[in-house]
Amino acid sequence: VTVVSSDEPGGANRAVRRIIDVLPYALALVWTLVTILPIIWMYVSSLKTLPEYNVNPWLPPANPTIDNYVDAWSGQTPIGDQRGASEIPLPFATYFRNSLIVTGGSIVLTMTIATLGGYALARLRVIGRRVVFGAMLFGLVIPTNALVLPVWLAEDKLHLTHTHLGLILAYVGTTIPFALLLMTSYFQSFPADVEDSARVDGCSELGMLWRIVVPMSRGPLVVVAILLANGFWNEFLYALILTGTNESKTLAVGLAAFAGGHFTPYTVILAAMGISTAPVLILYLIFQRQVTNADIELVR
Amino acid sequence: MSSLVISPRSGLRLTRYLRRHAFATASVLPAVAFLVLFIALPMVLVVGVSLTNWLGIGPIQKIVGLKNYESVLGSGGYLAALQITLVYTGTLTVVSTTFGFVLAAMIHHRLRGWRFFKVSWFIPIMLPSVVIAILWSGGVFATSSGFLDSTSRVLGLPVPENGWLGDSFHGQIAIIVTAIWASTGWPMLILSAAMEKIPKEFFEAASIDGATWLERTRFITVPLMWPVISTVITLQVVFGLKAFDLVYVMTGGGPGTSTTTIGMLMWQKAIGNGNFAVGSAAAVLIIITIVPLTILQRRLTAVSR
C-alpha cells in the first residue's frame, strides 16, 4: 500500500480529481431524491391512520390501511378520529369522473381540430393563410388566465357554467393556438413524398390525412396528447371559476376545497392527493420513454 | 370579383379555385372559430366590463370610465403585486433554467443511470399544481409536523417564529422554492434535447485543445444552444408571470398581501371581493403587462444571440 501524503502535488491533484468525478453523481442523486422522495412519502403516508401519522410522519406505517382512500373516494370525510362524520360530503369519485370526462373530451376535440387545421396550414392552400397564422401567434402571446372572467361571463349567459361541456370548450379554446402551431410545424417537417405517392393512387386529402399521415405520426401525436392530458387534468384557475357546484368540480378544485377544510385529517388529504395524481403519473410511467425522448422545440 | 362571375371562362376558374381551397379553408375554420370565441371575443368583453361598475350579477348599471383602473393601480395594490410577481418570476427563471442546464449537462455526460435520472427529474411536471402546493405546505413547511420543522428540531436549528408560511419573507421564499421544484423539469428536458443535437466533433476538438468543462460550456454549448435557451427563458417567464395555483393553495396571497401575485389579485378583486368590474380591470392590466414583457423578452434574448 502506498500512502501519498497530501502535501505532495500529485496527491492533492488526485483528491481534486476524485471530487470532480464524484460531484456530478452526488448532484444527480440529490436532485433525484428531491424530486421523487416527496411523492413516495405522499403515497406511503396516505396508508397511515391520523394518530399514527401525528406520532410518526417519516417512517413507513406499521399497519398499512386503505381507509383514507375509502373515505376520500366516498366523500364521507371523518372529523378527527371519527370516520363517516362529515357534514358536507366531498366525494372524490365524482371529481374523478368529472376530471376524466373533461380531460378526455378536451383532448379529443383539441387533437382533432389541431391535426386537421395544422395539416391544412402546412400542406394545403388555405385562403387567408397569413391572417390565420398571425391570429394564432397573437393568441399564443395572450395570457389566457386573464380571460377567465369574460369566459365565465359568456358561459354564464349561455348556461354553460357548472357543466362538463363548458369547461371542455374553454380548455380547447385556450389551448388551440399552441396546439395548432405545434401541429403545423410538425406537418411541415413531414416527408412530402409519402403524400405524393398516395395522391397518385387517387387518395382524397382527408383520406390521406387519416389513413396515411396520422398512423405514421402515432409517436409524436401520443406525446402531444400526453402533454395535453397533463395540462387539462392539472388545470386549476378555469376549473375553479367555471365549476362551482359539487357535482361539476374537477379533482384539482375539489382537492383545494378539501384541503382548505379545517377539520380534514391530513392523511385523508394525502389519499385524495394520491387519487388525483395516480392517472397522470401512471400515464407518464407507461410512456416515459416517448415523453423524455421527445424532441420538443416549440413552446409548451 | 363580379367580372369573374360574368365571364364563363373565369367562372370555371373560380369553381376550380374554390374546389381547391374549400376543403383546406374549411379544415382551419374550427380552430379559427375557437380562437375568436375564447380569445378575441373575451378580450373585447373584459375591456368592456372593466369600464362599468358591474359587480357580477344583475344588469350592468352604468359606465364609469377608467375609475376601476385608478382604484386597482392606486389603493388596489396592483403595483405591489406586480413587484412581488416580478421578483418571483426573476428568481424562478434564473434558478430553474440554471438547474435545468446543469441537469441536462449531466445527462449529456452519460452519467451511469442517466435514463433513470431523466425520467425522475421530469416527474414533478406531471403532478397537479394543487397536489404540489399541498405536498409542500403540508409536508415540508407545516408548523411542527413539517419536514423543515422536524429537521430543525433534530439539528437544533432555529425556525421562523410564525412558521415558514407565516411571514412575508419566508412565505415568498417558500413559494419560489416550491415553484422551482415544480417547474425545473421543463428546462431540463428541452435543454437536454438541444444538447444532444450538438455535433460531437465540437467537444472532441475542444478536449484535444485542453479546454475544461467550464470552457467548453462557455464557448461551445451555450452559444450553440442560445436559441433554445432563450425559448426556455421565455417559457419560465410566462409560467412565472401567471402564478396563481401555488399561491392560492399555499398562502391565499398572505400574510397580508405579501405573496399576492397579479393573478391572485385578479381573483381577489373579482371573486374574493365580489367586484367583477374591478377584477376585469386587473385582468386587462395583466394582459397589458405580460404581452409586452413576453415580446420584449423574446427580442432581448434574440438580439444578444
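Here the residue numbers are simple positions, counted from 1 along each chain's written sequence. Chains and ligands are labelled sequentially in the order written, the chains with letters from A and the ligands with numbers from 1. Side-chain atom pairs in this predicted model are given and counted only at pLDDT of 80 or more, local residue features only at pLDDT of at least 70, and totals for whole chains, interfaces and linings cover all residues. Side-chain metrics rest on all non-hydrogen atoms present in the structure, leaving aside hydrogens and water.

## A few points about a nonpolar patch on the surface
Among the surface-exposed residues, Ile19(A), Leu23(A), Leu27(A) and Val102(B) lie close enough to one another that they form a single nonpolar patch of about 340 Å² accessible area. Considering each element in turn, the nonpolar patch owes the most residues, 3 residues, to helix α1 (residues 9-45) of chain A. Going along the chain from the N terminus, every DSSP run of H or I of four or more residues is numbered as a helix, and every run of E of two or more is numbered as a strand. Assignment of secondary structure puts Leu27(A) in helix α1. Patch membership requires more than 30% relative accessible area and the absence of a salt bridge. Residues of like charge join within 9 Å; the nonpolar side chains Val, Leu, Ile, Met, Phe, Trp and Tyr join within 5 Å. Computed by Shrake-Rupley with a 1.4 Å probe, the accessible areas treat only the displayed protein chains as cover when residues are assessed. Salt bridge, as used here, is a side-chain nitrogen of Lys or Arg placed within 4 Å of a carboxyl oxygen of Asp or Glu.

## Section: the environment of Arg218(B)
Position of Arg218(B) among the secondary structure elements: in helix α11 (residues 213-241). In this structure Arg218(B) comes out as exposed when scored by relative accessible area, which is 54%. Type-normalised accessible area, obtained with a 1.4 Å probe on protein chains alone, sets the label of each residue: buried when under 20%, exposed when over 50%, and partly exposed for intermediate values.

## What to know about the interface of chain A and chain B
Taken together, the contact pairs 87 residues of chain A with 83 residues of chain B. One can count 0 salt bridges joining chain A with chain B. When residues in the side of chain A that touches chain B are grouped by element, the largest group, 14 residues, is from α1(A). Of the residues contributing to the side of chain A that touches chain B, the split by class is 66 nonpolar, 14 polar and 7 charged. Should any heavy atoms of two residues lie within 4.5 Å, those residues are counted as being in contact. When residues are grouped by polarity, Ala, Val, Leu, Ile, Met, Phe, Trp, Tyr, Cys and Pro land in nonpolar, Asp, Glu, Lys and Arg in charged, and all others, Gly among them, in polar.

## Looking at the pattern of salt bridges
If charged atoms from side chains of opposite charge come close, those side chains can pair. Residues and elements named next belong to chain B. Inspection of every chain in the model, using the stated rule, returns 1 salt bridge over all chains. Residues Arg110 and Glu196 are paired through a salt bridge, measuring 3.0 Å at the closest nitrogen-oxygen approach. On the criterion of sequence distance, the pair formed by Arg110 in the loop between α4 (78-108) and α5 (114-126) and Glu196 in helix α9 (residues 185-196) is long-range, its members being 86 residues apart. Relative accessible area serves as the criterion here: at 29%, Glu196 is assigned to the partly exposed category.

## A few points about the packing of aromatic side chains
Pairing of aromatic side chains here covers Phe, Tyr and the six-membered ring of Trp, requires ring centres within 6.5 Å, and sorts the geometry by plane angle: under 30 degrees stacked, over 60 edge-to-face, intermediate tilted. Per the counting criterion, the structure on display carries 26 aromatic pairs over all chains. Between the aromatic rings of Phe122(B) and Trp186(B), the centroid separation amounts to 5.3 Å while the plane-to-plane angle is 90°, which identifies the pairing as edge-to-face. You can see Phe122(B) sitting in helix α5 and its partner Trp186(B) sitting in helix α9, a full 64 residues away along the chain. An identical accessibility class is assigned to Phe122(B) and Trp186(B); each is buried. Aromatic pair Trp136(B) and Phe141(B): ring centres 5.8 Å apart, planes at 40°, arrangement tilted. The class of Trp136(B) is buried, set by a relative accessible area of 10%. On the accessibility criterion, Phe141(B) (7% relative accessible area) is buried. Among the aromatic residues, those joined into a cluster by ring pairs are Trp41(A), Tyr53(A), Trp58(A), Tyr266(A) and Phe147(B).

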